[in-house]
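Summary of the model geometry
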Amino acid sequence: MDEMEEELKCPVCGSFYREPIILPCSHNICLACARNILVQTPDAESPQSSRASGSGVSDYDYLDLDKMSLYSEADSGYGSYGGFVSAPTTPCQKSPNGVRVFPPTVPQPPPPQQHLLPQPGSLPPIPRNSCITCPQCHRSLILDDRGLRGFPKNRVLEGVVDRYQQSKAAALKCQLCEKSPKEATVMCEQCDVFYCDPCRLRCHPPRGPLAKHRLVPPAQGRISRRASPRKISTCTEHELENLSMYCVQCKTPVCYQCLEEGKHGTHEVKALGAMWKLHKVVRDQISHCTVKLRQTTGLMEYCLEVIKENDPSGFLQISDALIRRVHMTEGQWGKGTLTPRMTSDFDLTLDSGPLLQTIHQLDFVQMKVAWFTFDPASAHPDIILSNDNLTVTCNSYDDRVVVGNSAFSRGVHYWEMTIDRYDNHPDPAFGIARGDVLKDVMLGKDDKAWAMYVDNNRSWFMHNNSHTNRTDGGISKGATIGVLLDFSRGILIFLINDEQQGPVAFEGLEGAYYPAISINRNVQVTLHTGLPIPDFYTPGEADPTGSVC
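Residues numbered from 1 in each chain as written. Predicted model: local features only at pLDDT ≥ 70, side-chain atom pairs only at ≥ 80, totals over all residues. Heavy atoms only, no water.

1. Regarding the state of the cysteines
Among covalent bonds in proteins, the disulfide is the one between the sulfur atoms of two cysteines. Here the structure, examined in full by the defined rule, presents 0 disulfides. Cys 25 forms no disulfide, and the closest cysteine sulfur to it belongs to Cys 134, at a distance of 3.5 Å. (Disulfide = S-S within 2.5 Å.)

2. Some remarks on the sheet that holds strand β22 (residues 480–486)
If you walk across this open sheet you meet the 7 strands as β14-β15-β26-β17-β22-β23-β24, and the pairing is antiparallel. Since the sheet does not close on itself, it has two edges, and those belong to β14 (383–386) and β24 (499–500), each with one partner. For strand β23 (residues 491–496) and β24, the ladder comprises 2 bridges, and the chain directions are antiparallel. Pairing of Ile 496 across the sheet is with Glu 499, part of β24. (Pairing = 2+ DSSP bridges. Helix = DSSP H or I, 4+ residues; strand = E, 2+ residues; numbered from the N terminus.)

3. Quick look at the environment of Val 326
As for its placement among the helices and strands, Val 326 is situated in helix α11 (residues 312–337). Those residues within four positions of Val 326 in sequence are excluded, and the remaining contacts are Leu 299 and Cys 303. (Contact = heavy atoms within 4.5 Å.)

4. Side note on the packing of aromatic side chains
Taken as a whole and judged by the stated rule, the model has 10 aromatic pairs. Aromatic pair Phe 372 and Phe 408: ring centres 5.6 Å apart, planes at 75°, arrangement edge-to-face. Separated by 36 residues along the polypeptide, Phe 372 in the loop between α12 (353–361) and β14 and Phe 408 in the loop between β16 (400–403) and β17 (412–422) bring together distant segments of the chain. Each member of the pair, Phe 372 together with Phe 408, is buried. (Phe/Tyr/Trp six-rings, centres within 6.5 Å; stacked < 30°, edge-to-face > 60°. Buried < 20%, exposed > 50% of the residue type's maximum accessible area, 1.4 Å probe, protein only.)

5. Description of the pattern of salt bridges
Tallying each qualifying case throughout the model produces 8 salt bridges. Asp 197 serves as the salt-bridge partner of Arg 200, at 3.6 Å between the closest nitrogen and oxygen. With a gap of 3 residues between them, Arg 200 and Asp 197 both fall in helix α6 (residues 197–203), about one helical turn apart. Take Asp 197: its relative accessible area is 36%, and that puts it in the partly exposed class. Measuring nitrogen to oxygen at the nearest pair gives 3.6 Å for the salt bridge that ties Arg 421 to Asp 423. By relative accessible area, which is 25% here, Arg 421 ends up partly exposed. Residue Asp 423 is classed as partly exposed on the basis of its relative accessible area of 34%. (Salt bridge = Lys/Arg side-chain N within 4 Å of Asp/Glu carboxyl O.)

6. Focus: the confidence of the model for the protein
Of all residues in the protein, 69% attain a pLDDT of 70 or more, and the chain-wide mean is 75. The secondary structure element of the protein with the lowest average pLDDT is helix α4 (residues 73–76), at 34, and the one with the highest is strand β18 (residues 429–433), at 97. Throughout residues 112–121 the model reports pLDDT below 50, and contacts reaching past four residues in sequence, or to other chains, amount to 0 contacts. Every residue in residues 341–348 is under pLDDT 50, and counting partners more than four places away or in other chains gives 4 contacts. (pLDDT = per-residue confidence, 0-100.)

7. Examining the sheet that holds strand β12 (residues 252–254)
The pairing of strands in a sheet happens through backbone hydrogen bonds and is either parallel or antiparallel. If you trace the 3 strands from one edge of the open sheet to the other, you get β12-β11-β13, paired in antiparallel fashion. Every other strand in the sheet has two partners, leaving β12 and β13 (269–271) as the edge strands with one partner each. Across the sheet, the mean angle from the axis of one strand to that of its neighbour is 40°, orientation sign disregarded. The pairing of strand β11 (residues 245–247) with β12 spans 3 bridges and is classified as antiparallel. (Axes fitted to C-alpha atoms, helices over the stretch in contact; angles between N-to-C directions.)

So this is what it looks like as structure tokens:
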């Protein structure tokens, strides 16, 4: 019901309606506020004489009744409008909602014969020739002899306001108590949960990651929840961290732990707020739609409350006005809320000259980006493949080999593997192999494979069971292993987390080789192919026949 609150507040005073009356335009206003925005027209001038006298137009544009006279009874729901063009130049003020409000008109002194004292609490009489303008749609109407008594009172709205205020007056309860919820003492802004003291100590201890959460009094939490209906987005990989940065390379929001521990550490990142501001045109339109949606939702909730009303006369009194408001809101949505706000002055021109010049200056190396998966047909029976044969693990404690479904013999190729699971510090091996490599031993044990095996601290290169080039730096969950195979130079290079691991691993490579790895049940790996070669690497002279898989 929070969205309905704005529907229950007077547009003039900004407070909940008190003795609301219904204007002919279907909007509501407090009776006291209606008296405050009355404007008295000069008694000495009739509408015709005002037009004839050429008196100046008032500064108050929304009281320019000459413009208002363009409305007819058929299209506005009003009676006749005044035809005068001038209004008294009464100083105006602003209400809490930003609506211009005129102070009460000073009543004329009573004639001498009216010597009776006014009763205590009675309101001064409405001056003759008074006019009222709706503070929401700015349509104006001259009051008849009945004055404000001619407008019906909205008893249904009064009842809805009373019920709403009573529901808000109830104490906020703990959301985690299983039986007989106790009164909440705090609210966590990050968890968006109200806690009593026992539940807070049990479920939200002031230590560990939760110590950084902000606890506020329940009343303040209700206000902040209403002011910020959207919860702060948290990282999918680090659930307790808020998304605060934007990875330009991956085009995705990240948290600070992603930068410290994950693959985004070497990527270009920008502040999330700065990237948000770059999309100002989209942001403005979304903001406009959000405000309109909140107003419409509030109107819908108010209509639902009105339907519950058991006062037939009160319901029938406001039903037509409410239907008009709903139709008006529907028309506003269709008329322009979702229309793109781009104008013909907004022009984007791409200057391709510098780009073409750079392209012409490039020294191209002929290469082909290869896409491949692991090959289930030739894999060891203990190998378990998933994710369209891109993710691999094993059901054995012994090392088992699986190779790719494509062999490379020319060109430059680069692929990566991310460590999805890494338990008990095993030694997975990554590299290339011939088609007849042994599948039941670690990759590199025989003379058919060239590999790097690595644990959590260091790595080695291995071919034909010969271990060389021990290098510090191991892997953990989330690490990335890169394999670079360059046939133009006949070399094999390995990378860990985008950094070259050791020197060139193997040279003099010729013939056809399959991508290959060996793992046991403590490791799970996902393959990424079709990648460009790393920026740090400059390929050798291209093979004149091009790259062939």
